[in-house]
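So the chains spell out like this:
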Amino acid sequence: MPFKSPIPNHFDIIIIGAGPAGATCALQLRHSKLNVLLIDKATFPRSKTCGDAITGRSIKTLFRCCPELVEQFRTFPLKTEIKHTRLNINHHQPIDIHWVNEAYCCRRADFDQALLQGVRQCAPNVQILEGFQVDDIIEGDTVPGRYIVGNSSQQRYFSTQFLVGSDGTQSIVSKKLTTTRLEQNHHAGAVRAYFSGVKGLHLNRTEVFVLPEFMPGYFWVFPLSEDTANVGFGMLTRSIARQKVNLKDAVYAFMQASPELKVRFGESTQIGKLEGFGLALGSRSVPMSGEHFLLAGDAASLIDPASGEGISNAIVSGKMAAETIVAAFEAQDFSADFVKEYDKKLFKIIGKELKTSTILLRSFLFAPKLLDVGAYLMGNPFFKRLAKRLM
């Protein structure tokens, strides 16, 4: 449709979503001469329902984008450094996995605020617009650039040559520009709350619990201080629907079903209510790019199917998105074929892990007893060393 409002402000690049993927993309673009607008519907710092685990390649990738930001974050007091993960599977002997990469637990309100503050301090070519809900995306060549994005009720719009959708599982960019829709087999639901007074927490160790009566799902305890933890439960959406599971009830039921958790949470206090969130799993191939646009982070369905962790893949995708965009501007080629290189290069980095996690998830769904086999094997020093190399 023709655009009838006044000609909007123009930017070379507009990034919708200022979470880990969008902020990383902006940071990676800081040395370019491109004019960037980073938009988010929230005003930071804002609460974000998540497990609060900053794992995998997150810090390593951020360091390559902005070393000074990482150095500041390393001195940030409101976090815990994670060196181990304890797996408690079906009442077997606990299995401790030692992390190779630098990892933390940090409330997303604090972590995302630190990333956005890094953009403010280190990326002078990036303008930040908070508290602005994009509900309209218009495609066309009637104004400078390819897309017009804005808020229809406010009648406030911006135009851009290149659009990045890093706006989460319910991405408006994905809904408007791709055919991807939610599928229960490739989506998970989770709930989490904060608990204080939890006994037996180790500041450097996250914990995962699996019980046969709650399959296919898992319970987590991620420490934020000596007695406070992020606690939650997640399950594949298809299984939630088929088994008619109430995730909030499942959290308390799980605590009662585990003798260990029953004792450790017996005198704990829940801080706030249980909050729910959806996870777009990377267990299928979805369109992640097209002419003059690409998707990053949860908007591109990059969450690990087995662990439910998505921050590290979001950060990697944000960096890769920025590199692809810079190459597109240098070549003045914004075609779908050129931008498709983003998909290819990204999956060279994370594709194998996503495929392996997908196979594991499907195997455990098909044959839950394989978890007992896995618990036995992980007790073997050889398989422990193998797991450590993969982390």
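Whatever comes next refers back to the structure up there.
Cut-off values and rules
- Residues numbered from 1 in each chain as written.
- Predicted model: local features only at pLDDT ≥ 70, side-chain atom pairs only at ≥ 80, totals over all residues.
- Heavy atoms only, no water.
- Core = buried A, V, L, I, M, F, W, Y, C linked by side-chain atoms within 4.5 Å.
- Buried < 20%, exposed > 50% of the residue type's maximum accessible area, 1.4 Å probe, protein only.
- Helix = DSSP H or I, 4+ residues; strand = E, 2+ residues; numbered from the N terminus.
- Contact = heavy atoms within 4.5 Å.
- Pairing = 2+ DSSP bridges.
- Salt bridge = Lys/Arg side-chain N within 4 Å of Asp/Glu carboxyl O.
- Phe/Tyr/Trp six-rings, centres within 6.5 Å; stacked < 30°, edge-to-face > 60°.
- Arc of directions from axis to C-beta.
- Axes fitted to C-alpha atoms, helices over the stretch in contact; angles between N-to-C directions.

Notes on the nonpolar core
Moving on, step 1. Counting 75 residues, the largest nonpolar core has Ile13 and Leu163 as the members making the most contacts within it.
Moving on, step 2. The biggest single contributor to this core is helix α9 (residues 311-331), with 10 residues.
Moving on, step 3. Not counting chain neighbours up to four residues away, the residues in contact with Ile13 comprise Leu29, Leu34, Asn35, Val36, Leu37, Thr160, Phe162, Val164, Ile325 and Phe329.
Moving on, step 4. Counting 23 residues, the second-largest nonpolar core is a separate cluster that includes Phe219, Ala229, Leu247 and Met255.

Some details on the sheet that holds strand β3 (residues 53-54)
Moving on, step 1. Strand order in the open sheet made by the three strands is β3-β7-β4, with antiparallel pairing throughout. Strands with a single pairing partner mark the edges of an open sheet, and in this sheet they are β3 and β4 (80-81).
Moving on, step 2. Relative to strand β7 (residues 104-105), β3 runs antiparallel, the two being bridged by two bridges. Each bridged residue has a counterpart across the sheet, and for Ile54 the counterpart in β7 is Tyr104.

Looking at the pattern of salt bridges
Moving on, step 1. With the rule as written, the count across this model stands at 17 salt bridges.
Moving on, step 2. As a salt-bridge pair, Arg74 and Glu71 come within 3.1 Å of each other at their nearest N and O atoms. Taken together, the residues Arg74 and Glu71, both in helix α3 (residues 67-74) and three residues apart, mark about one turn of the helix.
Moving on, step 3. One salt bridge connects Asp343 with Lys340, and the closest N-O pair in it is separated by 3.8 Å.
Moving on, step 4. Salt bridges here are not isolated pairs; linked through shared partners, they connect Arg46, Arg108 and Asp112.

Describing the packing of aromatic side chains
Moving on, step 1. For the structure on display, the rule yields 16 aromatic pairs.
Moving on, step 2. Between Phe329 and Phe334, the aromatic rings sit 4.9 Å apart at their centres with planes inclined by 75°, giving edge-to-face as the arrangement. Just as Phe329 is buried, Phe334 falls in that class too.
Moving on, step 3. Put simply, the rings of Phe195, Phe209, Phe214, Phe219, Phe233, Phe254 and Phe265 pair up and form one aromatic cluster.

Considerations on α3
Moving on, step 1. By the burial criterion, the buried members of α3 are Leu69, Val70 and Phe73. Down the axis of α3, the sector holding all buried residues measures 95°, keeping them to one side.
Moving on, step 2. Its buried side turned inward, α3 meets α1 (20-28), α2 (58-65), β7 and α4 (108-122).

Examining the sheet that holds strand β6 (residues 95-98)
Moving on, step 1. Reading across the sheet, the seven strands line up as β6-β5-β13-β14-β15-β12-β16 and stay open at both edges, with mixed pairing between neighbours. Each edge of the sheet is formed by a strand with only one pairing partner; in this case those strands are β6 and β16 (269-280). On average, adjacent strands in this sheet sit at an angle of 20° to one another, irrespective of strand direction.
Moving on, step 2. Helix-sheet contacts for helix α7 (residues 247-257) involve β12 (187-196), β13 (205-210), β14 (217-223), β15 (228-236) and β16, and the interaxial angle to β12 is about 55°.

Some thoughts on unusual backbone geometry
Moving on, step 1. Omega for the bond connecting Phe44 with Pro45 falls within 30 degrees of zero, at -5°, which places this linkage in the cis form.
Moving on, step 2. Mapped onto the elements of the fold, Pro45 is located in the loop between β2 (36-39) and β3.
Moving on, step 3. For the bond from Met215 to Pro216, the omega torsion is 0°, close enough to zero to count as cis.
Moving on, step 4. With respect to the secondary-structure elements, Pro216 resides in the loop between β13 and β14.
Moving on, step 5. Phi angles above zero are rare outside glycine, and Gln155 is one such case at about 55°.
Moving on, step 6. Tracing the chain through its elements places Gln155 in the loop between β10 (147-151) and β11 (156-165).

Geometric values such as these leave the question of function open.
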